[in-house]
Amino acid sequence: MDVFGFRAARRPVLVSLPHVGTALPDGFIGRLVPEAQGLPDTDWHLPRLYDFLEDLGVGVIQARFSRYVVDLNRPSNDTPLYSGATTGLCPTTLFDGAPLYQPGAEPNAAEVAERVTRYWAPYHDAITAEMTRLRDQFGRAVLFDAHSIRSVVPRLFEGRLPDLNIGTNDGRSADPVLSERLVAVGADAGADGFTHVLNGRFKGGHITRHFGRPSEGWHAVQLEMAQVTYMEEDAPFAFDEARAARIRPHLRRFIGAMGDWAEERA
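Residues numbered from 1 in each chain as written. Predicted model: local features only at pLDDT ≥ 70, side-chain atom pairs only at ≥ 80, totals over all residues. Heavy atoms only, no water.

A. Focus on helix α3 (residues 109–138). With 30 residues, α3 should cover 44 Å at 1.5 Å per step; its first-to-last C-alpha distance of 41 Å lies within 8% of that length. What α3 keeps buried is the set R115, V116, Y119, W120, Y123, H124, A126, I127, E130, M131, L134 and F138. For α3, the elements touching its buried residues are β1 (4–7), β2 (13–17), β3 (59–63), β4 (141–149), α5 (206–211) and β7 (218–226). Sitting at the amino-terminal end of α3 is N108, which places a side-chain oxygen 3.2 Å from the backbone nitrogen of A110. Of the residues trailing α3, G139 is marked for its positive phi of about 90°. (Helix = DSSP H or I, 4+ residues; strand = E, 2+ residues; numbered from the N terminus. Expected span 1.5 Å × (residues − 1). Buried < 20%, exposed > 50% of the residue type's maximum accessible area, 1.4 Å probe, protein only. Contact = heavy atoms within 4.5 Å. Polar contact = N/O pair within 3.5 Å; in protein donor to acceptor, adjacent residues only side chain to side chain.)

See below:
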């Protein structure tokens, strides 16, 4: 099985879906505790939610393997991204802090290195190649790193998460004009009852921070969505088409604004 799916862009925007994968290597699931075997920390249903991407002409890269195998949004050296609680490159805990593995089944350093080579590096190499191609063709390239998470995870953040959490690494990963346009889309979504924040708890993970290089013509934005906006947050994590239909037009505007901005700047 390929470690990721990919479709090239016709416009200067690439959408990354690093946490939607659910595949596991042979024998892996038996190493997990029962609570982890349902892969509860997956970014569920995002390809279905973003079913309009091909219509917009943007590119897509999406992981096939679970973030429990390796987290594509962490640095390959596992440097922590946040000062508070978080999960690592090859996580050993669930979001709530409970153990991920059966006792003694955690990966050792050699296995972590093998996972980086097999799963992590090809994904990042593909982003690099496509962002380079888009910048060379259009003059600018925008990477949109799309995520979702339960709206309440006390170990990771206090209270309820805003619905739309826009991250630009505190303004370092994207042009400020682009950020302003995306915040405006978030504000417009408020008319439908959705809340938003810029560079709150989620400022952008490794993908946003690494590929956001405005001085080189690469701009990166992360959107961390509260899953309650489009699905049931408890197992079996059912997709809710009625909720999705409310948020989807705003997501379409969000990505459309990126393409419009990049083409204006070309």
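B. Broad picture of the pattern of salt bridges. Taken as a whole and judged by the stated rule, the model has 20 salt bridges. Among the ionic pairs, D51 bridges to R248, the shortest N-O distance being 3.4 Å. Remark: R248 occurs in helix α6 (residues 241–265) and D51 occurs in the loop between α1 (46–49) and α2 (53–56); sequence separation between them is 197 residues. Note that E241 and R248 form a salt bridge whose closest N and O atoms lie 3.0 Å from each other. Counted as one network, the salt bridges with shared partners bring together D43, R67, D71 and R74. (Salt bridge = Lys/Arg side-chain N within 4 Å of Asp/Glu carboxyl O.)

C. Seen up close, unusual backbone geometry. Note that the residue after A235, namely P236, is joined by a cis bond; omega there is 10°. Within the fold, P236 resides in the loop between β7 and α6. Positioned with a positive phi, L39 is a non-glycine residue whose angle comes to about 55°. Looking at where L39 falls in the secondary structure, it is placed in the loop between β2 and α1.

D. Expanded view of the packing of aromatic side chains. This model, assessed by the stated rule, comprises ten aromatic pairs. With 5.5 Å between their ring centres and 50° between their planes, F144 and F254 make a pair best called tilted. Of this pair, F144 sits in strand β4 while F254 is found in helix α6, placing the two residues 110 residues apart along the sequence. Owing to a relative accessible area of 0%, F144 belongs among the buried residues under this scheme. Residue classification places F254 among the buried residues on the basis of a relative accessible area of 5%. Through successive ring pairs, a cluster of aromatic residues spans Y50, F52, F144 and F254. One Lys or Arg, R201, reaches over the ring of F202 and ends 4.9 Å from the middle of that ring. (Phe/Tyr/Trp six-rings, centres within 6.5 Å; stacked < 30°, edge-to-face > 60°. Lys NZ or Arg CZ within 6 Å of the ring centre and 35° of its normal.)

E. View of the sheet that holds β7. What the seven strands build is an open sheet, ordered β1-β3-β2-β4-β7-β5-β6; its pairing is mixed. Bordering the open sheet on either side are β1 and β6 (196–198), each of which pairs with just one other strand. For this sheet, the mean angle separating the axes of adjacent strands, direction not counted, is 15°. Against the sheet, α3 touches β1, β2, β3, β4 and β7, its axis set at about 165° to β2. (Pairing = 2+ DSSP bridges. Axes fitted to C-alpha atoms, helices over the stretch in contact; angles between N-to-C directions.)

F. Quick look at the pairing of β4. The element β4 is extensively covered by neighbouring structure, given that nine of its nine residues are classed as buried. Residues of β4 alternate between two faces, with A141, L143, D145, H147 and I149 on one and V142, F144, A146 and S148 on the opposite face, all of them buried. Sheet topology places β2 next to β4; four bridges connect them, and they run parallel. Bridged to V15 within β4 is F144.

G. Representation of the pairing of strand β5 (residues 164–167) in the model. Alternating positions in β5 separate into two faces, L164 and I166 on one and N165 and G167 on the other, with burial throughout. Judged from the three bridges that link them, β5 and β6 form a sheet pairing that is parallel. Pairing of I166 across the sheet is with L198, part of β6. Since β5 and β6 lie parallel, the crossover through helix α4 (residues 176–189) that links them has a hand, and here it is right-handed. As defined by bridge partners, β5 adjoins β7 across four bridges and the pair is classed as antiparallel. When the bridges of β7 are listed, I166 appears paired with L223. (Right-handed = clockwise from strand over helix to strand, strands pointing away.)

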